[in-house]
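Tertiary structure, described
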Amino acid sequence: QVQLVESGGGLVQAGGSLRLSCAASGRTFSSYAMGWFRQAPGKEREFVAAISWSGGVTDYADSVKGRFTISRDNAKNTVYLQMNSLKSEDTAVYYCAGTERHIIISQMASPASYVSWGQGTQVTVSS
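Residues numbered from 1 in each chain as written. Predicted model: local features only at pLDDT ≥ 70, side-chain atom pairs only at ≥ 80, totals over all residues. Heavy atoms only, no water.

Thoughts on the overall build of the protein chain
Basically, it comes down to this: Put simply, DSSP H or I for four residues or longer makes a helix, DSSP E for two residues or longer makes a strand, and each gets a number counted from the N terminus. Here, two residues are considered to be in contact whenever any of their heavy atoms come within 4.5 Å of each other. Using a 1.4 Å probe, the Shrake-Rupley method yields the accessible areas, and only the shown protein chains count as cover for residues.
Counting its regular elements, the protein chain contains 0 helices and 11 strands. Written out in order from the N terminus, the α and β elements of the protein chain read β-β-β-β-β-β-β-β-β-β-β. Principal axes of the C-alpha set define a box for the protein chain whose edges measure 40 × 25 × 25 Å. For the protein chain, contacts bridging at least 24 residues in sequence account for 59% of all contacts bridging at least 6. In the form shown here, the protein chain has an accessible surface area of approximately 6,300 Å², with 48% of it arising from carbon and sulfur atoms.

Observations concerning the nonpolar core
To keep things clear, this is the line we draw: For this analysis, a nonpolar core means a set of buried residues of the types Ala, Val, Leu, Ile, Met, Phe, Trp, Tyr and Cys, connected via side-chain atoms within 4.5 Å. Burial here depends on accessible area, computed with a 1.4 Å probe over protein chains only, as a share of the maximum for the residue type. Under 20% is buried, over 50% is exposed, and the range in between is partly exposed.
With 37 residues, the main nonpolar core has Trp36, Leu81, Met83 and Tyr94 as its most contacted residues. Contributing elements (two or more residues each) for this core: β3 (18-25), β4 (33-39), β5 (46-51), β7 (68-73), β8 (78-83), β9 (92-99) and β11 (121-126). The dominant element in this core, judged by the number of residues it contributes, is β5, at 5 residues. Those residues in contact with Tyr94 that sit more than four places away from it in its chain are Glu6, Leu20, Trp36, Phe37, Arg38, Val48, Phe68, Leu81, Met83, Gly120, Thr121 and Val123.

Focus: the layout of surface pockets
Operational definition: Think of a 1 Å grid over the protein atoms and nothing else: a 1.4 Å probe that fits but is trapped marks a cavity, an open set flanked by protein within 12 Å on at least five of seven lines marks a pocket, and residues with an atom within 4 Å of a point count as lining. Grid points are joined across faces, edges and corners, and a volume is the space filled by probe spheres set on the points. Following the grouping adopted for this structure description, the nonpolar residues are Ala, Val, Leu, Ile, Met, Phe, Trp, Tyr, Cys and Pro, the charged ones are Asp, Glu, Lys and Arg, and the polar ones are all others, Gly among them.
For the largest pocket, the calculated volume is near 160 Å³. In terms of lining, the largest pocket is formed by Ser31, Tyr32, Ala33, Ser52, Trp53, Ser54, Thr99, Glu100, Arg101, His102, Ile103 and Met108. Among the residues making up the lining of the largest pocket, the classes are represented as 5 nonpolar, 5 polar and 2 charged.

Observations concerning the environment of Met83
With respect to the helices, strands and loops of the structure, Met83 is situated in strand β8. Classification of Met83 as buried rests on a relative accessible area of 0%. Met83 sits 63 residues away from Leu20 along the chain, and the two C-alpha atoms are 7.9 Å apart.

As for the state of the cysteines
Our working rule: To count as a disulfide, a pair of cysteine sulfur atoms needs to be within 2.5 Å.
Enumeration over the complete set of coordinates arrives at 1 disulfide. Sulfur-sulfur distance for the disulfide between Cys22 and Cys96 comes to 1.9 Å. Judged by the torsion about the S-S bond (45°), the Cys22/Cys96 disulfide is right-handed. Taken together, the residues Cys22 in strand β3 and Cys96 in strand β9 connect sequence positions 74 residues apart. For Cys96, a relative accessible area of 0% gives the class buried.

So, the sheet that holds strand β1 (residues 3-7)
Basically, it comes down to this: For two strands to be treated as a pair, DSSP must find at least two bridges joining them. In this analysis, axes come from line fits to C-alpha atoms, helices being fitted only over the stretch in contact, and the angle between any two N-to-C directions falls in the range 0 to 180 degrees.
Sheet architecture is open: 4 strands sit in the order β1-β3-β8-β7, paired in antiparallel fashion. Strand pairing shows two members of the sheet lacking a second neighbour, β1 and β7, which therefore form its edges. Across this sheet, the average inter-strand angle for adjacent strands is 15°, counted without regard to direction.

Some details on unusual backbone geometry
Positive phi, normally seen in glycine, also occurs at Asn77, with a value near 55°. Mapped onto the secondary structure, Asn77 falls in the loop between β7 and β8.

What about the pairing of β4?
When you tally the buried positions in β4, you get 6 out of 7 residues, the bulk of the element. As paired elements, β4 and β9 share 7 bridges and run antiparallel to each other. When the sheet's bridge partners are listed, Arg38 is paired in β9 with Tyr94. Linking β4 back to β5 in an antiparallel pair, the connection comprises 6 residues, with Gly42 at a positive phi of about 80°.

Printed below as a string of structure tokens:
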């Protein structure tokens, strides 16, 4: 399994942008499908975005489509989440997750599909 460390969270005003990074250790990162999830206080963890091992397939939650972009740089063992036009409802702890299992796009949104998780990074959007 890879070890995952998120960074880039912080406090931003509504309408602003942040870019989250998730750095992975391990030689097999390039074979991992990666996802971003978030959890707000009192709510369940929810899917945000996912990307296939090659970067050729991406999936997004409806709530972030057109505002967030997931990408990866396998040479740097890093996956990114560019978040634009942030809203107060985007406030949450954001987690990255990875799996070496072969998953199809319909499985990308399920937390159960992932075996490695980071510790999370807080994103707070002030209105």
